[in-house]
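# Secondary and tertiary structure notes
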Amino acid sequence: MSAPQPALRRYSALALLRARFAGERYWRPLWSGRPLRAAYDVVVVGAGGHGLATAFHLARDHGIRRVAVLEQHLLGYGNVGRNTTIVRSNYLLPENQYFYEDSLRRWERLSRELNYNLMYSPRGVVDLALSEDELPALARRGNAMRLAGIDAELLDRAALERFVPALEPRRGRRFPLVGALLQRRGGTVRHDAVAWGYARAASALGVDIIENCAVTGVRAAAKAATGVETTRGYVQAERIVFATAGHTGLIGTMLGVPLPIETHLLQAMVSEPIKPLLDTVLIYVSPGHGETYICQSDRGGLVMGGHLDGFPSYTREGQWYRLEEVVQGAVELLPRIGGVRILRQWAGTNDMTMDGSPIMDRLRYDNVFVNAGWCYGGFKAIPASGAAFARFVATGTPPDLIRPYRLSRFVTGHLLDEPGQGPFPVRL
Amino acid sequence: VTRLHCPFCGARALREFSFHKTLPDAAGGTAFEQTYERIANAALSIEHWQHLAGCRAWLLVRRNPSTGEVLEVRLPDGRSP
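Residues numbered from 1 in each chain as written. Chains lettered and ligands numbered in written order. Predicted model: local features only at pLDDT ≥ 70, side-chain atom pairs only at ≥ 80, totals over all residues. Heavy atoms only, no water.

## As for the pairing of strand E18 (residues 365-372) of chain A
Each regular strand shows side chains that alternate between the opposite faces of the sheet. Residues and elements named next belong to chain A. Heads up, the condition is: Accessibility here uses a 1.4 Å probe with only protein chains present; expressed as a share of the type maximum, an area under 20% marks a residue as buried, one over 50% as exposed, and anything in between as partly exposed. Helix numbers and strand numbers start at the N terminus; a helix is a DSSP run of H or I with at least 4 residues, a strand a run of E with at least 2. Strands are labelled as partners when DSSP assigns at least two bridges between them.
Counting buried residues along E18, 7 of its 8 residues qualify, which places the element largely inside the surrounding structure. Looking at chain direction, strand E17 (residues 359-363) and E18 are connected through 5 bridges and run antiparallel. Counted as the bridge partner of Met360 is Asn371 from E18. Linking two consecutive strands that pair antiparallel, namely E17 and E18, is a turn of 1 residue; a positive phi of about 65 degrees is found at Arg364 within it.

Following this line, the structure appears as structure tokens:
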């Protein structure tokens, strides 16, 4: 049974012109509605950013076309559609620097590669210091970044006020602006477009995308898995990839492997649209007193987020006290937004690992792979993760870029504990 | 879940409490397992909390993480206050 390929309409100025005369029917659905088949080379579980990117690279870079992406809900229903769209590579540890810098470089050219406008906006990511004591830690991180060849600038107060006029330099403040660490190439990417763009490109290469199809079990013979049980019946698979952010702990339980993961909620919220105010990303992490990050979407809404809610949950219902804390922080940074109303609030489930870094490894069987544990930083990792993980799945050997993220690091002690907080996903 | 019932203080706002870690179903296991491994269960989470902004008592909490329902809050050693 050969599935019909959807004729992909390449997006271009010429296509726009053609569509103008051909009418609305010129445009095709982004991905095909091809039905689920009985057997695949690779079954990817989870149609989020990482799952779709892995499927895309399997098909494009490694010629594996018999790939299905199975999704329990709708494509992009999880964290790829719930994050605050920030991309950056301002990390301290070398392993994370190389990985996230690889990802940021891919973001810079991904719209062209996918022929889909992801609205990558290098508007800068500004980590603020509101006391003298916070600046050295930012300077240390900036120096580490520069040693790794990543752009970083330490801004003093005057430079910070020039770069972010919205901070209102002449205004009296309870906590004075001291300085900031700026990564200019950091910024935002339209998150939904990432899911749609990868889905469209993967589908055009023959990848089947199956929504409303939950995986309920893994069937195995001896040392290898043979397929997955789903709500739509059994699907045979040579290899299985789990990219089920927020529910990977439960996948571990399903396979009888306890993982170093707790599932926590992270909230985000957006204000009513206002005129252009903030043309960068502001992040303030107060040691022990909360966190706020804030940027302005192209629609004008102020997108805000902060700490995890603080305890395990699958409910996707954020706690009021965290919303309050985030909003207080935002108003502290940008006092003039005090009268702006919150439009929407939502939460996503996060795989929090015991060192805050991801897990990319095999799970129990030689042909079962898990791409998980992205904590609250999975969105920015999608392009690098998809490319590297596809290579791992296709060749059986993890590329150097993701070798540090293997599961055995928790046994050997080679942890990647970026904030240095020990084996706890939350320290509030 | 918006409140927890502290055995000493009664029902108090959740923000007064601080979550520490989830516990395995059974006590025991190696130090590695105790430190790093978590057994994910969508219907039951057994956790250590502390009433940090209150009486500072350590608590054992049993919750359903899929609904947010609190099933039990007690002292870790089972004593009543």
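## Here's the deal with the side chain of A:Glu71
All names here are of chain A. Stated precisely, the cut-off is as follows: The charge count treats Lys and Arg as positive and Asp and Glu as negative. His and the chain ends do not count. Salt bridges, as used here, are contacts in which a Lys or Arg side-chain nitrogen is within 4 Å of a carboxyl oxygen on Asp or Glu. Pairs of residues are marked as contacts when any of their non-hydrogen atoms sit within 4.5 Å.
Mapped onto the elements, Glu71 comes out in the loop between strand E2 (67-70) and strand E3 (86-87). For Glu71, which is buried and forms no salt bridge, the nearest opposite charge comes from Arg316, at a distance of 7.3 Å. Ignoring anything within four residues of it in the chain, the contact list for Glu71 reads Gly46, Ala47, Gly48, Ile210, Glu211, Asn212 and Cys213.

## Considering the packing of helix H3 (residues 94-114) of chain A against helix H9 (residues 382-395) of chain A
A pair of packed helices can be characterised by two numbers: the angle between their axes and the separation between those axes. Residues and elements named next belong to chain A. Just so we agree on the cut-off: Note on method: axes are straight lines fitted to C-alpha atoms, helices fitted across the in-contact stretch only, with angles between N-to-C directions ranging 0 to 180 degrees. To sort the angles, those under 35 degrees are grouped as roughly parallel, those over 145 as roughly antiparallel, those from 65 to 115 as roughly perpendicular, and the leftovers as oblique. In this classification, the charged set is Asp, Glu, Lys and Arg, the nonpolar set is Ala, Val, Leu, Ile, Met, Phe, Trp, Tyr, Cys and Pro, and all remaining amino acids, among them Gly, are polar.
Contact geometry of H3 with H9 gives a least axis separation of 7 Å together with a crossing angle of 105 degrees. The angle between H3 and H9 places the two elements in the roughly perpendicular class. Listed contacts from H9 to Phe99, Asp102, Ser103, Arg106, Trp107 and Leu110 of H3 are Ile382, Pro383, Ala384, Ser385 and Ala387. Classifying every residue of the contact of H3 with H9 by side-chain character gives 7 nonpolar, 2 polar and 2 charged.

## Quick look at the packing of aromatic side chains
The geometry of an aromatic ring pair comes down to the distance between the two centres and the angle between the two planes. Residue and element names in this part refer to chain A. The condition that has to hold: Two aromatic rings from Phe, Tyr or Trp, using only the six-membered ring of Trp, form a pair when their centres are within 6.5 Å; if the ring planes differ by under 30 degrees the pair is stacked, by over 60 it is edge-to-face, and anything between is tilted. In this scheme, Lys NZ or Arg CZ marks a charge over a ring once it lies within 6 Å of the ring centre and within 35 degrees of the ring normal.
Scanning the entire structure with this criterion turns up 16 aromatic pairs over all chains. Here the aromatic rings of Trp107 and Phe379 are separated by 5.3 Å at their centres, their planes lie at 35 degrees, and the arrangement is tilted. Here Trp107 is found in helix H3, whereas its partner Phe379 is found in the loop between E18 and H9, with 272 residues between them in sequence. Connected via pairs of aromatic rings, a cluster forms that spans Tyr91, Phe99, Tyr100, Trp374 and Tyr405. Arg82 extends its terminal NZ or CZ atom over the ring of Tyr77, reaching a point 4.8 Å from the ring centre. One Lys or Arg, Arg219, reaches over the ring of Tyr234 and ends 3.7 Å from the middle of that ring.

## Details of the pattern of salt bridges
All names here are of chain A. Evaluated as defined, the whole model comprises 29 salt bridges over all chains. A salt bridge links Asp151 to Arg185; the nearest nitrogen and oxygen atoms lie 2.9 Å apart. Here Asp151, found in the loop between helix H4 (135-147) and strand E5 (153-156), pairs with Arg185, found in the loop between strand E6 (179-183) and strand E7 (187-188); they are 34 residues apart in sequence, far enough to count as distant. Each member of the salt-bridge network shares a partner with another, and the members are Glu101, Arg105, Glu108, Asp151 and Arg185.

## Here we look at the interface of chain A and chain B
Here is the rule: The buried area of a pairing is the accessible area, by a 1.4 Å probe, that goes missing from both parts when the two are put together, added over both.
Every contact between the two is made by 25 residues of chain A and, on the other side, 25 residues of chain B. In total, chain A and chain B occlude about 2000 Å² of area from one another, counting both sides; carbon and sulfur atoms represent 63% of this. Taken together, the links from chain A to chain B amount to 2 salt bridges. For B:Arg15, the salt bridge is made with A:Glu324, and the minimal N-O distance between the two is 2.8 Å. Contributions of two or more residues to the side of chain A that touches chain B are made by helix H7 (248-255), strand E12 (261-271), strand E15 (302-312), helix H8 (320-333) and helix H10 (409-412) of chain A. Here the side of chain A that touches chain B is built from residues that sort into 16 nonpolar, 7 polar and 2 charged.

## Regarding the sheet that holds strand E4 (residues 45-50) of chain B
Residue and element names in this part refer to chain B. Pairing within the open sheet is antiparallel, and its 4 strands lie in the order E3-E4-E5-E6. Where the open sheet ends on each side, the last strands, each with one partner, are strand E3 (18-22) and strand E6 (70-74). Adjacent strand axes in the sheet meet at a mean angle of 30 degrees when their direction is disregarded.

## Here we look at the environment of A:Ser103
All names here are of chain A. Condition: By the criterion applied in these results, polar contacts are pairs of N or O atoms within 3.5 Å in which, for protein atoms, one can donate a hydrogen and the other can accept it, and in which residues neighboring in sequence qualify only through two side-chain atoms.
Looking at where Ser103 falls in the secondary structure, it is placed in helix H3. Assessed through its relative accessible area of 0%, Ser103 is described here as buried. When the C-alpha atoms of Ser103 and Val326 are compared, they prove to be 28 Å apart, with 223 residues separating the residues in sequence. Separated by 3.4 Å, the side chain of Ser103 and the backbone oxygen of Ala381 make a polar contact.

## Here's the deal with the confidence of the model for chain B
Defined as follows: Every residue is assigned a pLDDT by the predictor, reflecting its confidence on a scale from 0 to 100.
Mean pLDDT for chain B: 91, with 95% of residues reaching 70 or above. Predicted complex, confidence summary: ipTM 0.94, pTM 0.95.

## Quick look at the nonpolar core
Residue and element names in this part refer to chain A. For the record, the criterion: The nonpolar core is taken to be a set of buried Ala, Val, Leu, Ile, Met, Phe, Trp, Tyr and Cys residues, with the residues joined through side-chain atoms within 4.5 Å.
One finds Leu52, Trp107, Leu118 and Tyr198 to be the most contacted residues of the largest nonpolar core, which totals 53 residues. Counting only elements with at least two residues in this core, the list comes to strand E1 (39-45), helix H2 (49-62), E2, H3, helix H6 (191-204) and H9. When residues no more than four places from it in sequence are discounted, the contact partners of Tyr198 are Leu52, Ala53, Phe56, His57, Leu110, Leu114, Ile382 and Pro383. The next biggest cluster of nonpolar side chains, apart from the first, holds 29 residues, and it includes Ile210, Val218, Ala225 and Ala237.

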